[in-house]
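Fold and contact review
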Amino acid sequence: MYRFLLTRQWVILTVVALALIPTMIELGFWQQSRYELRTARNQRVSDALHADPVPVERLTSPGHAVTSKDKYRTVTATGTFESDQEVVVRRRVNSDDEVGYHVLTPFRLADGKVVLVNRGWIPANGSQTAFPKIPAAPTGRTTVTGRLMADETTEASGIKNVAGLPDRQIMLIDSAEQARRLHAEVLGGYVQQTAPEPEGGTPEQISDPGREDAPLNYAYMIQWWLFAAAVPVGWWVLVRRELRDRAEAAATEEKPAEPEPAAV
């Protein structure tokens, strides 16, 4: 009765079904790992954003690599902006996905060390080779508050660190590279400024990192596992349909033919 399962068509169908089941189960586990990673990231960011502000020198130092534990922590720094040494970071977008620059200004602390402060976003108006017009930073002794960020890398950001850019323009924020340019001790990482707010709302301050959509990965996980469970069910439905069709075809063939009426 099940001899048809040995035909070429059914052997291929069965092999494909057997291959799909573990593949879909594995995809479900992959989505589960994505869900767990995003949930942990969201919790870590939330904890950092809601932690009490601390002086930036407590979490980083020259040559220090900011860890994921300290990333997004609210920090404070007191010193003076060195606007004549600021640079712009190319190809950055604002909350409306408009392309422009981030303004990166060295901030000199009382002990002579420097922390890099990302003051926010400005539009890319005019030539991409000329240094853009930048809103002035506060003068005199200032206290800055912001989120501590790690140095940027191509691997983490996907942004290629292009060489030969116009003067005072960079692609990635790298404290070690800026330390060489400034000939100063520069604290590792940088600060994404949140206060004080700039006059006139420019540079446009960078919004908080928000939450990644972890529940979506959880839904995908359940979906893949339901698909995996549905494969053998679907295979069995097809088998039963094939049996029914074959039985009906056999019954039609075995049914005796109706006798023709006799000629008068």
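Described below are features of the structure shown in this document. Since this is a predicted model, take the numbers as computed values, not measurements.

Mapped onto the elements of the fold, Arg-147 is located in strand S6 (residues 142-149). Among buried Asp, Glu, Lys and Arg side chains, Arg-147 stands out as unpaired, with Asp-208 the closest opposite charge at 5.6 Å. A polar contact is formed between the side chain of Arg-147 and the backbone oxygen of Ser-207, at a distance of 3.3 Å. When sequence neighbours within four positions are dropped, the list of residues in contact with Arg-147 reads Leu-49, Tyr-72, Arg-73, Tyr-190, Val-191, Gln-192, Thr-194, Ile-206, Ser-207, Asp-208 and Pro-209.

Where a strand is regular, its side chains alternate between the two sheet faces. The buried fraction of strand S4 (residues 99-109) is high, at nine of eleven residues. Here strand S2 (residues 74-81) runs beside S4; their pairing, made up of three bridges, is antiparallel. The residue bridging Thr-80 from the neighbouring strand is Arg-108, located in S4. For strand S3 (residues 87-93) and S4, the ladder comprises five bridges, and the chain directions are antiparallel. Paired with Val-93 across the strands is Val-99, a residue of S4. The turn joining S3 and S4, which pair antiparallel and follow one another in sequence, is formed by five residues; a positive phi near 65° is taken by Asp-97.

In this structure the tally under the stated criterion is seven salt bridges. Of the charged contacts in the structure, one is a salt bridge between Glu-82 and Arg-108, with a shortest N-O distance of 2.9 Å. In this pair, Glu-82 is assigned in the loop between S2 and S3 and Arg-108 in strand S4, connecting sequence segments 26 residues apart. Arg-92 is the partner of Glu-152 in a salt bridge, and the nearest nitrogen-oxygen pair spans 2.8 Å. Remark: Arg-92 occurs in strand S3 and Glu-152 occurs in the loop between S6 and helix H2 (154-157); sequence separation between them is 60 residues.

Parameters and conventions
Residues numbered from 1 in each chain as written. Predicted model: local features only at pLDDT ≥ 70, side-chain atom pairs only at ≥ 80, totals over all residues. Heavy atoms only, no water. Helix = DSSP H or I, 4+ residues; strand = E, 2+ residues; numbered from the N terminus. Buried < 20%, exposed > 50% of the residue type's maximum accessible area, 1.4 Å probe, protein only. Lys, Arg positive; Asp, Glu negative; His and termini not counted. Salt bridge = Lys/Arg side-chain N within 4 Å of Asp/Glu carboxyl O. Polar contact = N/O pair within 3.5 Å; in protein donor to acceptor, adjacent residues only side chain to side chain. Contact = heavy atoms within 4.5 Å. Pairing = 2+ DSSP bridges.

Interpretation in functional terms is not warranted from these geometric data alone.
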